[in-house]
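Now for the letters of each chain:
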Amino acid sequence: MTALLIENSRVLDVHALNLRSGLSVLVQDGRIAAVGADVQAPAGATVIDAKGMTLMPGLIDCHVHTVASSFNLGTVAKMPNVFVMLRSLPIMKGMLERGFTSVRDAGGADWSLAEAVRTGLVPGPRIFPSGKALSQTGGHADFRQRNDDLDVCSCAYKLGNIGRVVDGVDACRIAVREEILKGATQIKVMASGGVASPNDPIGNLGYSEAELRAVVEEASNANTYVMAHAYTPRAIARAVRCGVRTIEHGNLVDAPTAELMAELGAFMVPTLITYEGLANEGERYGLPAASIAKIDSVRGQGRAAIEILAKAGVKMGLGSDLLAETHYLQADELQLRADVLGNGPVLQQATLIGAEILGQQGQLGEVTAGAMADLLLVDGNPLTDIGCLLNQGERIRAIVKDGAIFKNTL
């Protein structure tokens, strides 16, 4: 791989939340080899003059669904695998174009998609796949309609299905082992009802405590962790007490539950932007009526939730959770949060804290020697103008992932 020198840049220090001017960054073999004022380019290196630009780490989205090419997830689950794969390609490419160089897939994407990106077969962000999310019968990943016949559809094992229905402690243990065998880097469980599924009210709990603890134990045995879809204080508190490490969404969290999360060291990954997409565009693009009726029960409380979490000291990762035609809204999550928390904390959520959630501290989410070379050159200062990261990467003038230039308009 050809060495790359990015010179004369203002480097965004996401630890100190300031810009360090006049620095050059040398990239070799996919990693940042040096950061400093007098770094020299080796012979044959590609040189980018970044004068006036902000150099920052690539963004991390900790909650995506790369195979969610329709609002009707039940329909996607029945599509042929090749069709699902082809429909996911522009979704992944769009994420990278918006500056998201790493994503954690929260259900659907498998090892094959992650490996296709890793080997350069297709463009996209680095994927940390969860494989199939685990759902109890009638839970958030059970898309069967009410019917006399409740046989498990063969679609349960198709690429387009974000989850699998698993009941009972022993079955949950086997499911975790299977998902890890198939390449999952973490395990996703549905610990409460949700919006996009037909028969599980938001307030319902998912899984018994014995089942949740079994899932957590099996993940821990494999040196990984569990992320749980949960909305209500009851569901969140129950999940973290069972050992779940990250809670997804959490719109209805209250102060005592947030304090419990902080005490136990659990992370939250709010996904405010998806409810805007669902509310404004869901009906037009086929979101089932049963799901539309649930949106308002969680949409309005998302901003209050992140204030409660911040006050309690809960670490938050950035998440988007977008479906179908609304994937273009991904970076708008930054703006929604910045309006409440300020630009600096949100930038840390999209970089440092995201890397911590992924177990990639010092490897992702920062511009430091030894880290993976996932870099953005931005026309603007995101500390004062978060808008420079919006609008489909319009002001992101260069994108480097794994040391390779994906985009360069300088």
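None of the values given here were measured: they were computed from a predicted structure. (Residues numbered from 1 in each chain as written. Predicted model: local features only at pLDDT ≥ 70, side-chain atom pairs only at ≥ 80, totals over all residues. Heavy atoms only, no water.)

Q: Explain the overall build of the chain residue by residue, including any values.
A: From N to C terminus, the chain includes 14 helices and 17 strands. In terms of overall dimensions, the chain is globule-like: its C-alpha atoms have a radius of gyration of 21 Å, near the 22 Å expected for 410 residues. Its C-alpha atoms give the chain principal-axis dimensions of roughly 70 × 45 × 45 Å. Within the chain, residue pairs in contact and separated by at least 24 positions form 70% of the contacts whose partners lie at least 6 positions apart. Accessible area of the chain: about 15400 Å², with a carbon and sulfur share of 50%. Taking the average location of the 36 positive side-chain charges in the chain and that of its 44 negative ones, the two points are 1 Å from each other. (Helix = DSSP H or I, 4+ residues; strand = E, 2+ residues; numbered from the N terminus. Rg over C-alpha atoms; globule rule 2.2 N^0.38 Å. Contact = heavy atoms within 4.5 Å. Areas by Shrake-Rupley, 256 points an atom, 1.4 Å probe, with all protein chains shown as cover. Lys, Arg positive; Asp, Glu negative; His and termini not counted. Charge placed at Lys NZ, Arg CZ, Asp CG, Glu CD.)

Q: Any details on the environment of Val 314? Residues and values, ideally.
A: Mapping Val 314 onto the fold places it in the loop between helix H11 (302-312) and helix H12 (332-341). Separated by 49 residues in the primary sequence, Val 314 and Gly 265 have C-alpha atoms spaced 7.6 Å apart. The contacts of Val 314, once residues within four sequence positions are left out, are Ala 258, Met 261, Ala 262, Ala 266, Phe 267, Met 268 and Leu 309.

Q: Summarise unusual backbone geometry; cite the residues concerned and give the values.
A: Glycine aside, the phi torsion of most residues is negative, and most peptide linkages are trans. Even without being a glycine, Tyr 207 presents a positive backbone phi close to 75°. Its place among the elements puts Tyr 207 in the loop between strand E11 (187-190) and helix H5 (209-221). On the basis of relative accessibility, which here comes to 3%, the residue Tyr 207 falls in the buried class. (Buried < 20%, exposed > 50% of the residue type's maximum accessible area, 1.4 Å probe, protein only.)

Q: Describe the pairing of strand E12 (residues 226-230), listing the residues and the values that go with them.
A: Here E12 lies mainly inside the structure; 5 of its 5 residues are buried. Note that E12 and strand E13 (residues 246-249) share 4 bridges and pair parallel. The partner of His 229 across the bridge, within E13, is Glu 248. With respect to chirality, the unit in which E12 leads through helix H6 (residues 233-241) into the neighbouring parallel E13 is right-handed. (Pairing = 2+ DSSP bridges. Right-handed = clockwise from strand over helix to strand, strands pointing away.)

Q: Which residues make up the pairing of strand E8 (residues 126-129), and what values go with them?
A: What you see with E8 is no split at all: Arg 126 and Phe 128 on one side and Ile 127 and Pro 129 on the other are buried throughout. Pairing of strand E7 (residues 100-105) with E8 involves 4 bridges; the strand directions are parallel. Residue Asp 105 lies in a different strand from E8, and its bridge partner there is Pro 129.

Q: Help me get a handle on the nonpolar core, residues and values and all.
A: Grouped together as the largest cluster of nonpolar side chains are 57 residues, with contacts concentrated most on Met 56, Ile 127, Val 195, Leu 278, Leu 334 and Leu 389. Here the element with the most residues in this core is helix H2 (residues 81-97); it accounts for 5 residues. Among all residues touching Leu 278, those that are not within four sequence positions of it are Phe 71, Val 195, Glu 283, Leu 287, Ile 295 and Leu 323. One finds Ala 228, Ala 239, Val 240 and Met 268 within the second-largest nonpolar core, a separate group that totals 41 residues. (Core = buried A, V, L, I, M, F, W, Y, C linked by side-chain atoms within 4.5 Å.)

Q: Can you break down the packing of H2 against helix H3 (residues 111-118) residue by residue, with the values?
A: Where H2 contacts H3, the axes come no closer than 12 Å and their chain directions differ by 50°. Taken together, the axes of H2 and H3 lie oblique to each other. In the crossing of H2 with H3, the sense of the turn from one axis to the other is right-handed. Here Met 85, Ser 88 and Met 92 of H2 lie close against H3, whose contacting residues are Ser 112, Leu 113 and Val 117. Split by residue class, the contact of H2 with H3 holds 4 nonpolar, 2 polar and no charged. (Axes fitted to C-alpha atoms, helices over the stretch in contact; angles between N-to-C directions. Parallel < 35°, antiparallel > 145°, perpendicular 65-115°, else oblique. Left-handed = near helix turned anticlockwise from the far one by under 90°. Nonpolar A, V, L, I, M, F, W, Y, C, P; charged D, E, K, R; others polar.)

Q: Please give an account of H11 that cites residues and values.
A: Because an α-helix packs 3.6 residues into every turn, residues spaced three or four apart end up facing the same way. For H11, every residue scored as buried is listed here: Gly 302, Ala 305, Ile 306 and Leu 309. Around the axis of H11, the buried residues are gathered within 95° of arc, so they sit on the same side. On its buried side, H11 packs onto helix H7 (255-264), strand E14 (267-269), helix H8 (272-281), helix H10 (296-299) and H12. Backbone geometry just downstream of H11 places Gly 313 in the positive-phi region, at approximately 85°. (Arc of directions from axis to C-beta.)

Q: If you had to explain the pattern of salt bridges to someone new, which residues and values would you point to?
A: Per the stated rule, a full pass over the model turns up 19 salt bridges. For Glu 218, the salt bridge goes to Arg 177, with nearest N and O atoms at 2.9 Å. With Glu 218 in helix H5 and Arg 177 in helix H4 (residues 169-181), the pair connects residues that are 41 residues apart, well separated along the chain. Given a relative accessible area of 6%, Glu 218 falls into the buried group. Note that Arg 284 is salt-bridged to Glu 281, the shortest N-O span being 3.6 Å. On the accessibility criterion, Arg 284 (58% relative accessible area) is exposed. Judged by its relative accessible area of 9%, Glu 281 falls in the buried class. Through salt bridges with shared partners, a single network forms among Arg 126, Asp 374, Lys 401 and Asp 402. (Salt bridge = Lys/Arg side-chain N within 4 Å of Asp/Glu carboxyl O.)

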